[in-house]
Every structure is written in C-alpha cells, then in structure tokens.
2 protein chains.
Amino acid sequence: MRRHVLLYGLLAGVLIAALRLIEYRWLVLEHSVEIYGGLVAAVFATLGIWLGLRLTRHTETVVVREVEVPAPVNFVRDQSKVDSLGITPRELEVLELIAAGLSNKEIAERVYVSENTVKTHSSRVFDKLGARRRTQAVQLGKELRLIP
Amino acid sequence: MRRHVLLYGLLAGVLIAALRLIEYRWLVLEHSVEIYGGLVAAVFATLGIWLGLRLTRHTETVVVREVEVPAPVNFVRDQSKVDSLGITPRELEVLELIAAGLSNKEIAERVYVSENTVKTHSSRVFDKLGARRRTQAVQLGKELRLIP
DNA sequence: CCCAAAATCATCCATTCGGATGACGCGCGT
DNA sequence: ACGCGCGTCATCCGAATGGATGATTTTGGG
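Not measured: the values here are computed from a predicted model.

A. Representation of the packing of helix α5 (residues 104-111) of chain B against helix α6 (residues 115-129) of chain B. Residue and element names in this part refer to chain B. Orientation of α5 relative to α6, taken along the N-to-C sense of each, is 110 degrees, at an axis distance of 8 Å. If you check the angle between α5 and α6, you find them roughly perpendicular. The residues of α6 that touch α5, namely those facing Asn 104, Lys 105, Ile 107 and Ala 108, are Glu 115, Val 118 and Lys 119. Broken down by class, the residue content of the contact of α5 with α6 amounts to three nonpolar, one polar and three charged.

Quick look at the structure:
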C-alpha cells in the first residue's frame, strides 16, 4: 500500500519533469495548453484507475457460510473421569480395542501380551465402569468420553 | 459500468470547459501552466482512483469456510445401506439394543420374544454385516450409519 | 387368496466372555 | 528396604455368545 503511493508519487514527479522538459520543444502549438492538460489528465486518470484497482485488488469479502459437516468431533478424553475412576492407561487401551470390535485374543496379539492379561485388564475396566458386558463397557466408555 | 464511463467523460468535459473559462481570468501567474497541470493531474487522479474503486467495489470473492458446528446428533439412518444389506427392521432393532450394551436375555425381555429369537436376529445381522462379535457389529453399524 | 419375506422358536455344540482368585516382577517414592 | 500401583500371567468354572440348521407362524403385497 505505502509502496504503491510512493511509486505513484515518483511516477507523477518524473512525468511532470518530463513534460516540463519537452513542453517548449514540440508542444508549441496553438492549443498547447489544452493538449498539455489533456495529456496530463489522461495519464493521471490512467494512473488513478490503476491505483484504484490496485488498492482493492486483494480486499476479498470473506463470506462465512456455516456448513453442517459430519463433524468427526475432535475427541478430547475426559481425563478427570479417567482419574476419578482410577482407570490405568493399559486398561484404557484395552477398552479402546474392545470398542474397535476386537476379541480378547486379537487384542492380546495386537499388544503382545497373553490373552489372560487382556482378560484381566478388561475385567478390571468393566469393574471400574460398572459394566457387565463388553458392549456395555463400550457404551459407557463413549458416554463418559473415555474413548472416541 | 457503461454509466460510469459516460459520467466520467462528462465530468472531464465539464472540467476542461470550466478550466478554459477561468484560465485567463485568475490563473495568470508565472507558473500557471504548472499549476494548471497539477490541478488537472490531481482532479483526474482523484477521479481515476474513484473510478478504479468503483469498478472493483462489487467483485467480492466468496470464501466458503466450512465451520465445524457442534453437530448435534441429527442422526439419519442410511436407509440405502440398510436396504442393500437386506437388514430387516427387527434385526436393526436388535442391533441397536446390542449397541446399548444389553445381553441377549435382556433384549429378549425388552422386545417380548425368546432369547433364541434374539440370537437368530443377531446371528443374521452379524452375517449381513460380516461381523464375528457383537462389539464388531456395533462398530460396523455405527460406521455404516445404521445406528446412532 | 397365495406366496415370499419376515419373524418366531428350538436344539446342539464350540467358542468366547466374565468372575474370582492367586501370584510374580518392576519402578517409584517414602 | 518396604509398600504400593501397575502390568503381567495363570487356572477354574459358569454364563454368554456365535454358528449351523430346521421348523412354524405372521404378515404384507400382488
């Protein structure tokens, strides 16, 4: 912006100087003043238009149109509930895998522990959640914002 | 647009005429030509800028910014998937209750049928979904927008 | 009315899950 | 060093679940 104004002023100065230099050489006609004025008018009008266009070229009007997007809802774990329920990271991990539909055996293979260990974790987390089935645990886990 | 150009030309003509009328009356100074030129330059530059602004005033760039709205649970069942998978209403109902964390026995009591019937429905829906466990069926059901 | 789809119920059997319980090792803080 | 929380693994057993299959009844549309 400031650069534009400076450039504009500079061009104007050069032009005026140029006109002063040449006005006595070949503008010695009858209506030299009119021609001179017309020239100046045309040039400055052009420059003005250019400047005006320049000034507004990038002023986009941002129209915010709210669109209902399926919204994957950036999940944030309710750590306070995790803490208050005393659920350990490993238990939470197992709960997530249960929610993903994996069997105990698949979970065991996934996290490199025995199936018995997975059973222990799941039993503990069921107990802490007050769930009697894994589907219920999943439901409660989602409701309590422990898992996405 | 065309109106702007016409108006611009008209103003220019009037201005030039006015200048011609007054130039011999009180612009009889030493540097009258420079003053005259500067005046014309300033006026036409102003007009040019104004015109330039005019020309681009209404060229708004519409930027659609998708805003993630809290997305209330405006759940809409994907009936096309239900149909394409050939899932019956009863099967869908059972799937929902499974997702709610109920056992087969509880579902049976809830919908007044025998546990065997619930087992049949669940088995069929598992088969249609390609699920091997109820947790997996729930996961798939949610993913396919069959259940909330 | 008739038929196909849907819903219902059942039995048998294998697998999975859940509950209860005990044990061992590791890291951490007192 | 000791206790504690956490993670690990195990065994036993009953309940729940899943798979396969067959049968009967209800229902909705042509």
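B. Region of interest: the protein's contact with DNA strand D. Not every one of the 19 residues close to DNA strand D is listed here, only the nearest: Thr 88, Ser 114 and Asn 116 of chain A together with Lys 119 and Arg 134 of chain B. A breakdown of the atoms of DNA strand D within 4 Å of the protein gives sugar and phosphate a share of 68%. At a separation of 2.4 Å, a phosphate oxygen of DNA strand D approaches a polar side-chain atom of Thr 88 of chain A. Within the contact set of DNA strand D, a base nitrogen lies 3.1 Å away from a side-chain nitrogen or oxygen of Thr 120 of chain A. Where the surface near DNA strand D is concerned, the elements lending two or more residues are α4 (89-99) and α6 (115-129) of chain A together with α6 of chain B. It is α6 of chain A that provides the largest number of residues to the surface near DNA strand D, a total of six residues.

C. Layout of the protein's contact with DNA strand C. Around DNA strand C, a shell composed of 18 residues is seen, among which Lys 119 and Arg 134 of chain A together with Thr 88, Arg 90 and Ser 114 of chain B lie nearest. Put simply, 69% of the atoms of DNA strand C that lie within 4 Å of the protein are in sugar or phosphate. Between DNA strand C and His 121 of chain B, the relevant distance is 2.8 Å, taken from a phosphate oxygen to a side-chain nitrogen or oxygen of the residue. Within the residue set of the surface near DNA strand C, elements represented by two or more residues are α6 of chain A together with α4 (89-99) and α6 of chain B. Considering each element in turn, the surface near DNA strand C owes the most residues, five residues, to α6 of chain B. In terms of residue class, the surface near DNA strand C is built from three nonpolar, eight polar and seven charged.

Rules of the game
Residues numbered from 1 in each chain as written. Chains lettered and ligands numbered in written order. Predicted model: local features only at pLDDT ≥ 70, side-chain atom pairs only at ≥ 80, totals over all residues. Heavy atoms only, no water. Axes fitted to C-alpha atoms, helices over the stretch in contact; angles between N-to-C directions. Helix = DSSP H or I, 4+ residues; strand = E, 2+ residues; numbered from the N terminus. Parallel < 35°, antiparallel > 145°, perpendicular 65-115°, else oblique. Contact = heavy atoms within 4.5 Å. Nonpolar A, V, L, I, M, F, W, Y, C, P; charged D, E, K, R; others polar. Near = heavy atom within 4 Å. Polar contact = N/O pair within 3.5 Å; in protein donor to acceptor, adjacent residues only side chain to side chain.

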